[in-house]
Amino acid sequence: NKLFMYLSVVLVLLSSIVLILIVFLKRDGGIFSVMPQAGPAIFIDKTEFKSIDGLDRNKIMETISNQAENTKLKIGGVEGIYLTENKKVIGFRRFLTLLQGELTREQTQLIGENFLLGVVNKEGTKYPFILLKVKSFLDIFPVMRAWEKEILNNMHEFFGVEISSDTSYLFNKSFEDGIVFNKNARVLRDNDVNIALMYIFVNDTSVIIANSEQATTELILRLFSSQINK
C-alpha cells in the first residue's frame, strides 16, 4: 500500500544520511574523509585530524608535535593523528615525501599506505609513535636499515629531539641491534644509554617506531589483542 511505500522511501533516505555521516565529517568549515582507506591496525581511544594544506615540512612537524604534546587523552589511552590534504587523509608515501625522506619508490612500496601516527598516554606522560604495516619482515628489514640513516633527521621534532650542540652527535650515530619485549629491534641510544629512537619488528607485518618502551608496551598489547579478536 501507499503507506508502506512511503515508509520504505523514508527508511532508504535515513540510511543514506547515516552512511554519509559515517563516511564524512564536517570539520573546520570543510568536509573530508574520516578514515584512511582501511581502519587502524589497533584500537584507538581518540582520533584527531590535522589539515596540512600548504604547510612546509617544519610546519607539519610543528603541527603534529603540538597535537601529541597537548592532546587531552586519558591515562592509558592511544590517540591516532591523521594528516589531511585537500580534505583527504594522506598515506605513508605522501607523508614521507613531505618529510623529505630519501627512500626510493621501490622501497616504499613495501610499506603499507595505511600507517598510524599517534601518541600514547602512560601515567600522564605523552609518548609519540608511528605504526607501519609492512609486506614482511624479510622484505622490510633492509628498507628500515636504509631509512635509519635519516629517520631521526626526518622526524626528530615529533620524537622530542631538538637539534643542538648537545644532541648533534645523535644524527650521525648508528642504530644498534636490540631486543625489546622479546622482539627484534634497532635502537639509537644517547651517551647516557637512554633510548633516543627505536623501531621494533613486532610481528611479520608490523613495525613500531617510538622513543620509549612505555609506549611500545601498550601498542604491542593492542596489536596482539586485535589479532586475537580477528
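Keep in mind that this is a model prediction, so the values were computed, not measured. (Residues numbered from 1 in each chain as written. Predicted model: local features only at pLDDT ≥ 70, side-chain atom pairs only at ≥ 80, totals over all residues. Heavy atoms only, no water.)

Draft legend 1. Broad picture of the overall build of the chain. Of the regular secondary structure elements, the chain holds seven helices and eleven strands. Partitioning the intrachain contacts of the chain with sequence separation of at least 6 by distance along the chain shows that 58% fall at a separation of at least 24. With an accessible surface of roughly 12600 Å², the chain has 54% of that area assigned to carbon and sulfur atoms. (Helix = DSSP H or I, 4+ residues; strand = E, 2+ residues; numbered from the N terminus. Contact = heavy atoms within 4.5 Å. Areas by Shrake-Rupley, 256 points an atom, 1.4 Å probe, with all protein chains shown as cover.)

Draft legend 2. Structural context of the nonpolar core. The biggest cluster of nonpolar side chains holds 42 residues, and the ones touching the most others in it are Phe95, Ile130, Leu132, Trp147, Met155 and Ile209. Apart from residues no more than four positions distant in its own chain, Ile130 is found in contact with Phe95, Phe115, Leu116, Leu117, Met155, Phe158, Phe159, Val207, Ile208 and Ile209. Membership of the second largest hydrophobic core comes to 23 residues, among which are Ile42, Val120, Leu131 and Leu219. (Core = buried A, V, L, I, M, F, W, Y, C linked by side-chain atoms within 4.5 Å. Buried < 20%, exposed > 50% of the residue type's maximum accessible area, 1.4 Å probe, protein only.)

Draft legend 3. Broad picture of the side chain of Ser206. Inspection of the secondary structure assignment puts Ser206 in strand 11 (residues 206–210). Within polar-contact distance, the side chain of Ser206 engages the side chain of Lys133 at 2.5 Å. Ser206 has contacts with Leu131, Leu132, Lys133, Val134, Ile200, Phe201 and Leu223, leaving out every residue within four places of it along the chain. (Polar contact = N/O pair within 3.5 Å; in protein donor to acceptor, adjacent residues only side chain to side chain.)

Draft legend 4. Local environment of the pairing of strand 7 (residues 125–133). Examined bridge by bridge, strand 6 (residues 116–122) and strand 7 share seven bridges and lie antiparallel to one another. The residue of strand 7 that forms the bridge with Asn121 is Lys126. Turn length for the strand 6-strand 7 hairpin, with the two strands adjacent in sequence and antiparallel, is two residues, and the turn residue Glu123 shows positive phi of about 55 degrees. Strand direction decides the pairing type here: strand 7 and strand 11, joined by five bridges, are antiparallel. Residue pairing in the sheet places Lys133 in a bridge with Ser206 of strand 11. (Pairing = 2+ DSSP bridges.)

Draft legend 5. Looking closely at the packing of aromatic side chains. The final tally for this structure, using the stated rule, is ten aromatic pairs. Considering the side-chain rings of Phe49 and Tyr82, the 5.7 Å spacing of their centres and the 25 degrees angle between planes classify their relative orientation as stacked. A residue pair is termed long-range when its members are at least 10 positions apart, and Phe49 in strand 3 (residues 46–51) and Tyr82 in strand 4 (residues 78–85) qualify at 33 residues. The pair formed by Phe49 and Tyr82 is uniform in burial state, with each residue classed as buried. With a centroid separation of 5.9 Å and an interplanar angle of 75 degrees, the aromatic rings of Phe92 and Trp147 are classed as edge-to-face. Taken together, the positions of Phe92 in helix 3 (residues 92–98) and Trp147 in helix 5 (residues 137–147) put the pair 55 residues apart, joining distant regions of the chain. (Phe/Tyr/Trp six-rings, centres within 6.5 Å; stacked < 30°, edge-to-face > 60°.)

Draft legend 6. Examining the environment of Ile195 more closely. Examined against the element boundaries, Ile195 turns out to sit in strand 10 (residues 195–203). With 16 residues separating them along the chain, Ile195 and Asn211 place their C-alpha atoms 6.1 Å apart. Among residues more than four places away in sequence, those in contact with Ile195 are Val187, Leu188, Arg189, Asn211 and Glu213.

Draft legend 7. Representation of the pairing of strand 9 (residues 183–189) within the structure. Alignment of strand 8 (residues 176–180) against strand 9, held across five bridges, turns out to be antiparallel. Bridging across to strand 9, Glu176 finds its partner in Val187. Inspection of the sheet shows strand 9 paired to strand 10 by five bridges, in the antiparallel sense. Paired with Val187 across the strands is Met198, a residue of strand 10. In sequence, strand 9 turns back onto strand 10 through a hairpin of five residues, with Val193 there showing a positive phi of about 65 degrees.

In short, the description is geometric, and any link to function would need to be established separately.
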